[in-house]
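Here is how the chains run, residue by residue.
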Amino acid sequence: MGDVLVYKEKSDTFLPDKAFRSSFAILRIEAIRQVGGNIVVFEEEKPNSVRCNRPLLEGIGDENNILTASLLQIPIEDEREFLKGKVLKVWCFGVWRRFHCKFFNSMIDEKLDRAEGGLAGSGSRYLCTLCTATRESSKSELGSFTINRTYCMTSAIADYIRVNPDKLSKAELDGLSLGVKQRPLLKSDAEAKLLDATHADINLGIFFKKIIVREIAAVQKWELTEDIKGLVEHAEHKFDAHIRKHVGSAPQLMMPGNYSRQLFAEKNANVILALIPSEERREHLAIIMEKFRLLRSVYRAHSPRVTHARELRQYKVVAVQMGRELISHFDYVPWPNYLHKVIEHPQEIIENEDGPGSVGAISGEGNEASNKLFRHMRKNLSRKGKVIHGLRDVLWLHWLYSSPKLIRLSKV
């Protein structure tokens, strides 16, 4: 789903300024054998590419409006639920072939996941959409969490809170809710929604930049209050100028995803931390960043079981060590949602035999990149006058743009 300004005509005055998209990508096709295990018939090399993400819905709507989101998503959710567990018979090259579909409802950001998953906002005491960790327990019980949220559990809690048959007080309901706010619209369990690597990069890029800026300013306080605001802003300008000079990029003009890649690149490790005045704190942060780069190499890999087998086995150990280093030496920093997710859940997701085997392979990069396509196609290549006709043109053109056959023909 996109959150971008879209081209608007005079007749679109009352439409929101947001594109709303739902798409899918085929990750893998396996042939099931009775003896000898499965055979991989097809595996997408770049499943998070814009050319592989095929649109199901192109619309203009505000995802924060529950009525709009329900209208746009419920038909697709119902069809997906209908297909779960079913066997599809498809006529292929003169033979009937049977397909059993497995869905992973990924490529969505934290905000949408919470809103449509029935959970409270990201400022909630319960900071994870995959487990029931709180902001306090995520630090005190570091390394002990597994994916345990389910659609049935969330629905049951939502129904109980709505009816409140035992006449519990608000405080008692809050303790029972586990962060649930309403009945979920998305019917996937947490183990099928997983973690989006692109949004993890963006949010952790912002997180680590804030730490670096505060260390440059020699301020050990996270909240930007009036007494430190001037120091932090001066340190941030100084850091941005340093990055522009030595890395050759302007942070203010870069997309958040690209900026996080520059921030976490190993070749820029010394440059990023060079302005921190305290050598001791610079060394501590360098160790933390080094451990995070190792974690990131695993959760961004397309086939980590093959390419990062040794690092995968040590993932949780290294992640917990990084978390303890943060708590020990930078105790003023909060514990954001994506930091908890990256520490606790990627190894479990990757090693799950019924999962996709990767986190980075199903990130939202392709879906995010489609926002540019949407704007270009609606402005230049679609019919004007009626919104429905223009959106239908965008859907058809996007479908053709992502067609595997046409992609192969373009390379001839």
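Residues numbered from 1 in each chain as written. Predicted model: local features only at pLDDT ≥ 70, side-chain atom pairs only at ≥ 80, totals over all residues. Heavy atoms only, no water.

A. Geometry of the overall build of the chain. Helices and strands together make up the secondary structure of the chain, namely 19 helices and six strands. Every one of the 412 residues in the chain was classed for burial, and the buried ones make up 46%. The contacts of the chain with a sequence gap of at least 6 include a subset with a gap of at least 24, amounting to 66%. Side chains of the chain give 62 positive and 52 negative charges; the mean places of these two sets differ by 6 Å. (Helix = DSSP H or I, 4+ residues; strand = E, 2+ residues; numbered from the N terminus. Buried < 20%, exposed > 50% of the residue type's maximum accessible area, 1.4 Å probe, protein only. Contact = heavy atoms within 4.5 Å. Lys, Arg positive; Asp, Glu negative; His and termini not counted. Charge placed at Lys NZ, Arg CZ, Asp CG, Glu CD.)

B. Local environment of the nonpolar core. By size, the foremost hydrophobic cluster in this structure holds 60 residues, and its most contacted members are Leu204, Phe207, Phe208, Ile211, Phe239, Tyr299 and Leu326. Put simply, the parts of the chain that give this core at least two residues each are α7 (197-216), α8 (226-246), α9 (256-264), α10 (269-273), α11 (279-299), α14 (315-329), α15 (337-344) and α16 (346-351). Broken down by element, the residue count for this core peaks at nine residues, all from α7. Residue contacts for Leu204: discarding those within four places in its chain leaves Phe264, Phe292, Tyr299, Tyr338, Leu339 and Val342. (Core = buried A, V, L, I, M, F, W, Y, C linked by side-chain atoms within 4.5 Å.)

C. Quick look at the environment of Ala319. In this structure, Ala319 sits in helix α14. Since its relative accessible area comes to 0%, Ala319 is described here as buried. Once the C-alpha coordinates of Ala319 and His340 are considered, the two residues, 21 residues apart in sequence, prove to be 9.7 Å apart. Beyond its immediate chain neighbours, meaning those up to four positions away, Ala319 contacts Leu295 and Ile343.

D. Molecular detail of the side chain of Glu116. Take Glu116: it is sitting in helix α2 (residues 110-116). Buried and unpaired, Glu116 has no salt bridge, with Lys111 as the nearest side chain of opposite charge at 9.8 Å. Setting aside chain neighbours within four positions, we find Glu116 in contact with Glu63, Ile66, Ala69, Gln73, Pro184, Leu185 and Leu186. (Salt bridge = Lys/Arg side-chain N within 4 Å of Asp/Glu carboxyl O.)

E. Here's a closer look at the side chain of Arg149. The residue Arg149 is located in the loop between α3 (137-140) and α4 (151-163) in this model. No salt bridge is formed by the buried Arg149; the nearest opposite charge belongs to Asp113, separated by 8.7 Å. Within the structure, Arg149 has its side chain in polar contact with the backbone oxygen of Cys128 (distance 3.3 Å). In this structure, Arg149 is in contact with Leu119, Tyr126, Cys128, Thr129, Leu130, Cys131, Thr132, Leu178, Val180, Asp189 and Ala190, ignoring residues within four places of it in sequence. (Polar contact = N/O pair within 3.5 Å; in protein donor to acceptor, adjacent residues only side chain to side chain.)

F. Spotlight on the packing of aromatic side chains. According to the stated counting rule, one finds nine aromatic pairs in the structure shown. Measuring from centroid to centroid gives 5.3 Å for Trp91 and Trp96, while their planes differ by 70°, and the two rings are edge-to-face. Judged by its relative accessible area of 53%, Trp96 falls in the exposed class. Geometrically, the ring pair formed by Phe264 and Phe292 is tilted, given 4.7 Å between the ring centres and 55° between the ring planes. With Phe264 in helix α9 and Phe292 in helix α11, this residue pair connects regions lying 28 residues apart in the sequence. The exposure classification of Phe264 matches that of Phe292, with both residues buried. (Phe/Tyr/Trp six-rings, centres within 6.5 Å; stacked < 30°, edge-to-face > 60°.)

G. The pattern of salt bridges, seen in detail. Enumeration according to the criterion identifies 22 salt bridges in this entry. A salt bridge links Arg114 to Glu110, with the shortest nitrogen-to-oxygen separation between them at 2.8 Å. Note that Arg114 and Glu110 are positioned in helix α2 at a spacing of four residues, about one turn of the helix. We classify Glu110 as buried; its relative accessible area is 7%. For Asp227, the salt bridge goes to Lys221, with nearest N and O atoms at 3.6 Å.

H. The arrangement of the pairing of strand β6 (residues 95-100) in detail. The buried count for β6 comes to zero of six residues, which makes it a mostly uncovered element. Inspection of the sheet shows strand β5 (residues 87-92) paired to β6 by six bridges, in the antiparallel sense. Looking at the pairing, Val87 lines up with His100 of β6. Connecting β5 to the next strand, β6, in antiparallel fashion are two residues, including Phe93 with a positive phi near 55°. (Pairing = 2+ DSSP bridges.)

I. Examining a nonpolar patch on the surface more closely. On the surface, Ile26, Ile39, Val41 and Phe42 cluster together into a nonpolar patch covering about 350 Å² of accessible area. The residue Ile39 is located in strand β3 (residues 39-43) in this model. (Patch = residues over 30% accessible without salt bridge, like charges linked within 9 Å, V, L, I, M, F, W, Y side chains within 5 Å. Areas by Shrake-Rupley, 256 points an atom, 1.4 Å probe, with all protein chains shown as cover.)

J. Broad picture of unusual backbone geometry. With a phi angle near 55°, Leu178 is a residue other than glycine that sits in the positive phi range. In this structure, Leu178 sits in the loop between α5 (170-177) and α6 (190-193). For Ala218, which is not a glycine, the phi torsion comes out positive at approximately 55°. Mapped onto the elements of the fold, Ala218 is located in the loop between α7 and α8.

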